[in-house]
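# An overview of the molecular structure
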Amino acid sequence: MLEGWFLWFILFWVVVLVSLFAIGGFFMFRKFLKRMPKEDGKSDLDWEEHYVNQTIHLWGTNEKQLLNELVSPVPELFRDVAKQKIAGNIGKLAISENADHITLDLIVRGYIVATPKRDHKFLRKKLDELNIDITEYEDLFAL
């Protein structure tokens, strides 16, 4: 039988490994759910990709730089995913409004809609740093 400090060492590592597997499994399961097709046959990630591909020609250099600046507070590990989600929402708005190019208004509205409520404080701070007036977008923060 195991006794003493070695027993506690083994139990500690069992708890650590089970915890890490649970955390990793949670994030893998979330990604799996986003990849599952909906009633229309496309998943959430497929729609994001569709909107980005349909509007890629509408993006200018300044708009791309602004999007990169807006996602800069996101940890680098998740930055590409956040950028894809935000660009997908901006593309969806641009298609629904038949925009001929991506504007600051579309970027800010897409950014607000794509950002989870828990991160709105950081979103407001970032928009304030960039001197972007958010008074006309207050109704989007309530959604």
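Before reading on, note that the structure itself is shown above.
The following paragraphs examine the structure supplied in this document.

What counts and how
- Residues numbered from 1 in each chain as written.
- Predicted model: local features only at pLDDT ≥ 70, side-chain atom pairs only at ≥ 80, totals over all residues.
- Heavy atoms only, no water.
- Phe/Tyr/Trp six-rings, centres within 6.5 Å; stacked < 30°, edge-to-face > 60°.
- Lys NZ or Arg CZ within 6 Å of the ring centre and 35° of its normal.
- Helix = DSSP H or I, 4+ residues; strand = E, 2+ residues; numbered from the N terminus.
- Buried < 20%, exposed > 50% of the residue type's maximum accessible area, 1.4 Å probe, protein only.

### Focus on the packing of aromatic side chains
Following the criterion strictly, the structure yields seven aromatic pairs and no others. Between Phe12 and Trp13, the ring centres sit 5.5 Å apart and the planes meet at 75°, which makes this aromatic pair edge-to-face. The residue whose ring lies beneath Lys42 is Trp47, and the NZ or CZ to ring-centre distance is 4.7 Å. Note that Arg124 overlies the ring of Phe141, its terminal NZ or CZ placed 3.9 Å from the centroid.

### What about unusual backbone geometry?
Its identity as a non-glycine residue notwithstanding, Asn98 has a phi of 50°, on the positive side. The residue Asn98 is located in the loop between helix 4 (76-96) and helix 5 (104-114) in this model. According to the relative accessible area criterion, Asn98 is exposed, its value standing at 69%. Look at Asn131: it is not a glycine, yet its phi comes out positive at around 55°. In this structure Asn131 comes out as exposed when scored by relative accessible area, which is 70%.

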